[in-house]
Number of protein chains: 2
Amino acid sequence: VPTVHPATSSKRELLNVVDELSRLDPEARIVRFRSLPVDCQQAAFQQLDPAHQDEVLSLLDETQTAKLIEELAPDDRAQLFELLSPARAEQLRGLLSRQKQALTDNLLQYPAESAGRIMSPEFLPLAADTRVSEATEAVRKRGRSKETVFALPVVDVDNRLIGMTTLDELVFAAPETPVRDIMETDVPSVRSDEDQEIVARLMQMSDVLAIPVLDEEQRLLGLVTFDDAMDVLEFEETEDMARTGGAEPLGRPYFAVSLLQLMRSRVVWLLLLALAATLTVNVLSYFEDVLNQMVSLSLFIPLLIGVGGNAGAQSATTIVRAMAVDEVRARDLLRVTFRESRVGLLLGSTLAAFAFAVVWVFFGQSLAIIVSISLVTICTLASLVGSLMPILANRVGVDPAVVSAPFVTTIVDASGLLVYFLIARAVFNI
Amino acid sequence: VPTVHPATSSKRELLNVVDELSRLDPEARIVRFRSLPVDCQQAAFQQLDPAHQDEVLSLLDETQTAKLIEELAPDDRAQLFELLSPARAEQLRGLLSRQKQALTDNLLQYPAESAGRIMSPEFLPLAADTRVSEATEAVRKRGRSKETVFALPVVDVDNRLIGMTTLDELVFAAPETPVRDIMETDVPSVRSDEDQEIVARLMQMSDVLAIPVLDEEQRLLGLVTFDDAMDVLEFEETEDMARTGGAEPLGRPYFAVSLLQLMRSRVVWLLLLALAATLTVNVLSYFEDVLNQMVSLSLFIPLLIGVGGNAGAQSATTIVRAMAVDEVRARDLLRVTFRESRVGLLLGSTLAAFAFAVVWVFFGQSLAIIVSISLVTICTLASLVGSLMPILANRVGVDPAVVSAPFVTTIVDASGLLVYFLIARAVFNI
């Protein structure tokens with residue numbers, strides 16, 4: 001571990017330091033962090049994941065801690081405090097200056113994962129009749145302490161948002177122009193309790209640098225900036241991905257969670273899915289006489305339910321993603337499920353054509369017929385269920401990602417077996 | 001369908017129009033598009049997905065088409081042309097002015113999904129000894145035609161990048177200051193052939209507005225801006241999500257692909273997975289004598305391989321995502337697989353404890369022992385395989401997302417059955 005490190009203000013070097021810090025084990029991380037020059041410590045700390053910030057702080061004394069958290073951006077500080085136990089958050093809050101305490105308290109009053117939580121309350125509001133030269137002067141004098149001056153909100157005397165302008169428009173315009181003439185009115189904005197994912201998607205669609213956050217009376221509370229939106233999108237994708245795999249989101253980097261936390265994120269879903277899977281035992285028990293008469297039927301059980309699970313997973317992940325990026329909405333239910341059922345029918349027919357030939361050669365005509373018909377039915381059913389479930393979840397207010405692949409697979413397993421044995425019984429007249 | 005529409009330059013109304021256009025059926029879309037006032041057509045067209053742009057253009061005459069594509073940003077035009085057949089792309093290229101042809105040709109020479117493809121070649125380079133007042137004047141005069149003036153690259157006489165500054169720094173600084181004094185040196189930059197996802201993640205980490213793209217001799221070719229990075233991240237997540245579900249990415253919005261395209265995106269993977277699943281038929285055939293002696297063993301086949309598949313999917317999606325956001329790298333293989341195996345062991349033991357009690361009550365002691373031991377072994381194996389496969393894929397240069405849930409499930413199915421029957425044979429001494 002190096003003990004001397006040259007002072008650095010280079011962005012690229014800072015990125016390397018943050019990257020290195022993120023990957024180290026906790027003990028090595030704090031040693032490395034202490035080895036950094038003070039100005040670099042501050043810059044690196046701001047870039048760390050909140051889980052790592054927490055860890056670093058717990059090993060520093062009060063003076064150092066106070067300095068590091070005082071300099072955090074208000075929204076980053078709110079994110080860190082949210083992660084801490086109430087007692088620890090209260091302790092850290094006590095180390096802040098009055099002004100920073102107020103800023104933090106203000107953000108933390110908004111619900112978790114809302115626009116209010118991720119907005120920056122440090123912005124530079126302009127009045128509509130201010131001239132461009134005066135506005136530029138205001139940016140010059142008071143802009144440094146703001147999170148952004150690229151996006152500049154325009155407000156009335158009651159702090160109600162009436163438009164937005166940007167720093168380049170100030171530069172382009174003649175000095176005498178009133179801000180009113182260069183501002184855009186009717187810009188995208190959100191309420192403070194809006195879901196952070198919706199804010200981020202709105203920003204992505206509208207290609208703006210910042211989205212204003214308003215209270216119920218249209219008064220400006222803060223700005224959500226593009227870098228926060230990018231972090232939100234990454235966070236939300238990670239959440240969706242975890243749910244797609246049938247686990248609870250970790251909320252922290254992979255190596256920042258313990259073995260037990262990893263296990264806890266998975267065990268409840270795994271138990272619930274296993275419980276649901278006992279349905280398959282019931283179905284098989286019910287058809288035990290059929291199985292006894294023809295053990296060779298059991299040879300195809302894993303293959304059939306495997307194919308069904310895969311077809312269901314394909315539909316489910318497609319639809320969950322299409323809903324996440326707003327290409328599919330709850331009201332498209334009929335259109336989507338009809339579409340997916342036909343895709344499933346096509347896929348099942350293709351597989352059945354192959355299976356029919358192969359199974360006939362090795363296991364005879366009857367089994368070939370049963371397996372082929374089952375494949376067509378199971379694939380259609382799987383695609384139907386795989387597309388129906390996420391949309392239904394969305395309708396009842398549940399994250400569609402929760403009911404994706406593993407959930408669909410389990411449902412399709414039991415119903416697929418039912419289909420298989422009913423067809424077998426019909427073909428063999430058992 | 002409304003036939004009269006008031007002219008609008010409002011961003012929010014534009015967003016609504018684009019959103020509406022994206023959701024309509026192709027025929028309704030073109031009718032609605034034609035009903036827009038001309039200036040709104042232009043603005044809406046620029047915001048449409050390339051697949052929808054293509055569709056709209058195919059129904060317009062040459063004059064209208066020429067106007068719409070001439071006004072597109074160079075990187076957006078490159079993206080549209082990439083989607084078209086070579087003949088169609090050549091036809092549209094012929095409608096462009098010489099200058100726009102050259103800009104487009106220039107971008108299209110870079111590999112697909114590279115930094116060169118998504119960069120904007122329209123930037124405003126500054127010289128290091130320019131004074132801030134002169135630089136501001138340059139922005140005022142020539143900035144409007146650039147994709148961004150928020151980020152300003154500083155170059156030497158050979159167009160080599162020596163630093164970056166931002167518009168707010170120009171405003172903050174005294175007019176006489178040379179740009180050299182306010183620029184940041186050693187900023188994050190990429191080569192033109194760098195993967196677009198790496199560029200986007202770099203931008204997300206460094207919170208900058210634009211990343212400079214350089215050739216082999218450090219000469220500045222263009223800037224990748226934050227809004228392009230956000231689109232890249234969304235595109236890459238959608239790709240990963242499709243692969244996680246065992247399908248090829250569509251590359252277009254859900255409703256912009258036909259039934260046959262949907263089927264094509266899935267059928268190859270489904271066939272390959274089904275082929276791999278025939279392994280399960282082989283394993284079961286091999287143990288047919290055991291099955292014949294004890295048909296009740298077959299009752300637990302779907303449950304056991306279902307649990308194995310779910311545990312494997314949990315590990316795989318966790319690791320695929322951790323690799324996508326660079327929390328886990330290929331060299332972490334041993335650390336990760338050891339960790340995941342222990343998580344699998346813990347999960348399997350928990351499930352086994354429940355299963356042992358329940359199976360004993362309903363099916364007797366022997367089956368309870370077999371099922372419990374199988375659960376522990378299968379969960380451990382599944383978590384191991386689920387974490388190992390994505391990392392191995394990455395090592396051999398394959399997208400980790402390709403080998404996730406359905407792939408892992410299929411492997412775990414066959415090996416899980418093997419484990420189950422070996423344990424059964426050992427317990428029953430068959």
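Residues numbered from 1 in each chain as written. Chains lettered and ligands numbered in written order. Predicted model: local features only at pLDDT ≥ 70, side-chain atom pairs only at ≥ 80, totals over all residues. Heavy atoms only, no water.

Colleague: Before we go on, may I ask you to explain the side chain of Gln101(B) in this structure?
Modeller: All names here are of chain B. Among the structural elements, glutamine 101 can be located in helix 8 (residues 98–108). At 2.9 Å, the side chain of glutamine 101 and the backbone oxygen of arginine 93 are in polar contact. Setting aside its immediate chain neighbours within four residues, glutamine 101 contacts Arg93, Gly94 and Leu96. (Helix = DSSP H or I, 4+ residues; strand = E, 2+ residues; numbered from the N terminus. Polar contact = N/O pair within 3.5 Å; in protein donor to acceptor, adjacent residues only side chain to side chain. Contact = heavy atoms within 4.5 Å.)

Colleague: Help me out: how do you make sense of the pairing of strand 2 (residues 151–155) of chain A in this one?
Modeller: A regular strand carries its side chains on alternate faces of the sheet. Residues and elements named next belong to chain A. Of all the five residues making up strand 2, five are buried; the element is thus mostly covered by neighbouring parts of the structure. Two elements, strand 1 (residues 126–127) and strand 2, share two bridges in a ladder whose sense is parallel. Bridge pairing links leucine 126 to valine 154 in strand 2. Joining the antiparallel neighbours strand 2 and strand 3 (residues 161–166) is a turn of five residues, in which asparagine 159 adopts a positive phi near 70°. (Buried < 20%, exposed > 50% of the residue type's maximum accessible area, 1.4 Å probe, protein only. Pairing = 2+ DSSP bridges.)

Colleague: Would you mind showing me how to read the relation of the copies chain B and chain A here?
Modeller: Taken together, a rotation about one axis and a shift along it account for how the two chain copies relate. The operation relating chain B to chain A is a screw motion whose rotation component is 180°, with 0.0 Å of axial translation and a residual RMSD of 0.1 Å. The transformation relating the two chain copies, once decomposed into turn and shift, fits a two-fold axis. A shared interface surface links the copies, since 100% of the contact residues of chain B are contact residues in chain A too. (Least-squares fit on C-alpha atoms with pLDDT ≥ 70 in both.)

Colleague: Sorry if this is basic, but what is going on with helix 5 (residues 62–70) of chain B here?
Modeller: Since the α-helix packs 3.6 residues into each turn, any two residues three or four apart lie on the same face. Residues and elements named next belong to chain B. Within helix 5, the full set of buried residues consists of Thr65, Ala66, Leu68, Ile69 and Glu70. Close packing links the buried residues of helix 5 with helix 2 (26–35), helix 3 (38–47), helix 4 (50–57), helix 6 (74–83), helix 7 (86–93) and helix 8. One side-chain oxygen at the N-terminal end of helix 5 lies 3.1 Å from the backbone nitrogen of threonine 63; it belongs to aspartate 61.

Colleague: Help me out: how do you make sense of the sheet that holds strand 4 (residues 190–191) of chain A in this one?
Modeller: Picture the strands of a sheet paired through backbone hydrogen bonds; they go either parallel or antiparallel. All names here are of chain A. Sheet architecture is open: three strands sit in the order 4-5-6, paired in mixed fashion. Edge positions in the sheet fall to strand 4 and strand 6 (220–225), since each has one partner strand and no second. Where strand 5 (residues 210–214) lies against strand 6, five bridges are found, and the strand directions are antiparallel. Bridge assignment links proline 212 to a residue of strand 6, and that residue is leucine 223. Contacting strand 4, strand 5 and strand 6, helix 13 (residues 196–206) crosses the sheet at an angle of about 140° to strand 5. (Axes fitted to C-alpha atoms, helices over the stretch in contact; angles between N-to-C directions.)

Colleague: Honestly, the confidence of the model for chain A in this entry has me stumped. Any pointers?
Modeller: Low pLDDT marks stretches whose predicted atomic positions should not be read closely. Residue and element names in this part refer to chain A. Within chain A, residue pLDDT values average 89, and 97% of them lie at 70 or more. Long-range and interchain partners of residues 1–8, a stretch whose pLDDT sits below 50, account for 16 contacts in this model, where long-range means more than four residues apart. If you check the scores for this complex, the pTM reads 0.84 and the ipTM reads 0.83. (pLDDT = per-residue confidence, 0-100.)

Colleague: For this particular structure, what's the right way to read the environment of Thr280(A)?
Modeller: Its place among the elements puts Thr280(A) in helix 15 (residues 259–286). Assessed through its relative accessible area of 1%, Thr280(A) is described here as buried. Sequence separation between Thr280(A) and Leu108(A) is 172 residues, and the spatial gap between their C-alpha atoms is 47 Å. The contact partners of Thr280(A), leaving out residues within four places of it in the chain, are Asp413(A), Ala414(A), Leu417(A), Pro302(B) and Leu303(B).

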